[in-house]
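# Secondary and tertiary structure notes
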Amino acid sequence: MAATHPALSAACSEGDSAGRGSEIAPPAASASLSTGTTPTPEPTTADPPAVPAHLRGEDVTEIPTGDRVVALSFDAGANSAGLPSILGTLADQQVPATFFLTGQWVDGNPDGVAEIHGGGHRLGNHSMTHPHLPALPDQAIRDEVQGAEQRILAAGADPRPLFRFPFGDRDERTIAAVNDLGYVAVRWTVDTLGWKGTSGGMDAQKVTERAVNALRPGEIVLMHLGANPQDGSTLDADALPDMIERMRAADYAFVTLDALLSAEDRRRLAAG
């Protein structure tokens, strides 16, 4: 794995120089996680549904399709500064999206899950406290995944079977661990780098250009809900209207990340 970008140490909603998206947990939570002291949650299910064989062991970077579709995705782990604008744009444009939430974000934004889910969007699991999962023992990984799952379920939505690794940081062991809990690991095709903010040399036009220049059938776009902690900018939210307009002009339609699953996959997962 590439080293984490230095700016991450103070960030609330960023990614690293390798293009990994992130939403940094508050320092206290990060400290507790580093010692593996996150309280052990009760398992949500005794026997999670099996991940489809063709998705097991993968950290998926694009939807396998020849159709001109794109999946917009947003990670949420710190603040929700961009959420009203993002949800407003998606509603106005009638575009569905996928939101990966941490359990801590759900705790701090009790109405956010209902707002996202009520808008017809898909939710996914982004861990409880946004740690580097490869640094944790197996039980702590399970606690992170199940802790977030419980929070999201209690708020009225189901994140299963979609999981995104914090920082994009994963290895064979951690992918297998989330698979064993019934989750498909979903990465991205392109990171807009909106998390860098204006203080990091980005602006809304550059954000849009990164997403549009990477257009291909099945593209997965990584964006973030939170504001840059240094300058307060919400570039992903600001860029979203133009991004959607330009993608539509290129004859692309929008899907949620459920498009990764076949109809049979969905029936089997729903049946448990």
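Everything numeric in this text was worked out from a predicted model, so none of it was measured.

### A short note on the packing of aromatic side chains
Applying the stated rule across the entire model yields three aromatic pairs. Both rings, one in Phe 163 and one in Phe 165, keep their centres 5.1 Å apart while their planes meet at 85°; by these two values the pair is edge-to-face. Accessibility classification places Phe 163 together with Phe 165 in one group, the buried group. Seen from their ring centres, Phe 163 and Tyr 183 are 6.1 Å apart, and the 65° between their planes marks the pair as edge-to-face. Taken together, the residues Phe 163 in strand E5 (residues 162-163) and Tyr 183 in the loop between helix H6 (172-180) and strand E6 (184-186) connect sequence positions 20 residues apart. Overall, the relative accessible area of 0% leaves Tyr 183 in the buried class. Taken together, the ring pairs in this structure connect Phe 163, Phe 165 and Tyr 183 into an aromatic cluster. Stacked on the ring of Trp 188, the Lys or Arg Arg 187 has its end atom at 4.8 Å from the ring centre.

### Some remarks on the packing of helix H7 (residues 204-213) against helix H8 (residues 235-249)
Contact pair H7 / H8: the axes reach a minimum separation of 8 Å and the direction vectors enclose 45°. Judged on the interaxial angle alone, H8 and H7 are oblique. Here the hand of the crossing between H7 and H8 comes out right-handed. For the pair H7 and H8, contact is made by Ala 204, Val 207, Thr 208, Glu 209, Ala 211 and Val 212 and by Leu 235, Asp 236, Asp 238, Ala 239, Asp 242, Met 243, Arg 246 and Met 247, respectively.

### Looking at the confidence of the model for the protein chain
When pLDDT is averaged along the protein chain, the result is 85, and 82% of the positions lie at 70 or above. Taken together, the stretch residues 1-41 has pLDDT below 50 and engages in 105 contacts with residues farther than four places along the chain or on a different chain.

### Focus: the nonpolar core
Ranked by size, the top nonpolar core spans 40 residues in total, and within it Leu 72, Phe 74, Leu 90, Phe 99, Leu 101 and Met 247 carry the most contacts. Broken down by secondary-structure element, the contributors of at least two residues to this core are strand E2 (69-76), helix H2 (83-93), strand E3 (98-101), helix H3 (103-108), helix H4 (112-118), H7, strand E8 (219-224) and H8. Core analysis: the second largest hydrophobic core is formed by 15 residues, Leu 55, Val 60, Ile 63 and Leu 257 among them.

### A look at the packing of helix H5 (residues 138-154) against H6
It is at 10 Å that the axes of H5 and H6 come closest, and there the two elements cross at 50°. Comparing their axes, H6 and H5 come out oblique. The handedness of the crossing between H5 and H6 comes out as right-handed. Only Arg 173, Thr 174, Ala 177 and Val 178 of H6 make contact with H5, whose side of the interface consists of Asp 138, Ile 141 and Val 145. Across the contact of H5 with H6, the residue classes tally to four nonpolar, one polar and two charged.

### A closer look at the pattern of salt bridges
Tallied over the full model, the rule gives 11 salt bridges. For Arg 187, the salt bridge identified is with Asp 59, shortest N-O distance 3.5 Å. Here the residue Arg 187 occupies a position in the loop between E6 and strand E7 (190-191), and Asp 59 occupies one in strand E1 (residues 59-60), the gap between them amounting to 128 residues. Across the pair, Asp 59 and Arg 187 agree in class, each one buried. Here the salt bridges do not stand alone but share partners, grouping Asp 59, Arg 170 and Arg 187 into one network.

### Considerations on the side chain of Asn 109
One can find Asn 109 in the loop between H3 and H4. A relative accessible area of 15% places Asn 109 in the buried class. Those residues in contact with Asn 109 that sit more than four places away from it in its chain are Ala 78 and Ser 80.

The rules behind the values
- Residues numbered from 1 in each chain as written.
- Predicted model: local features only at pLDDT ≥ 70, side-chain atom pairs only at ≥ 80, totals over all residues.
- Heavy atoms only, no water.
- Phe/Tyr/Trp six-rings, centres within 6.5 Å; stacked < 30°, edge-to-face > 60°.
- Buried < 20%, exposed > 50% of the residue type's maximum accessible area, 1.4 Å probe, protein only.
- Helix = DSSP H or I, 4+ residues; strand = E, 2+ residues; numbered from the N terminus.
- Lys NZ or Arg CZ within 6 Å of the ring centre and 35° of its normal.
- Axes fitted to C-alpha atoms, helices over the stretch in contact; angles between N-to-C directions.
- Parallel < 35°, antiparallel > 145°, perpendicular 65-115°, else oblique.
- Left-handed = near helix turned anticlockwise from the far one by under 90°.
- Contact = heavy atoms within 4.5 Å.
- pLDDT = per-residue confidence, 0-100.
- Core = buried A, V, L, I, M, F, W, Y, C linked by side-chain atoms within 4.5 Å.
- Nonpolar A, V, L, I, M, F, W, Y, C, P; charged D, E, K, R; others polar.
- Salt bridge = Lys/Arg side-chain N within 4 Å of Asp/Glu carboxyl O.

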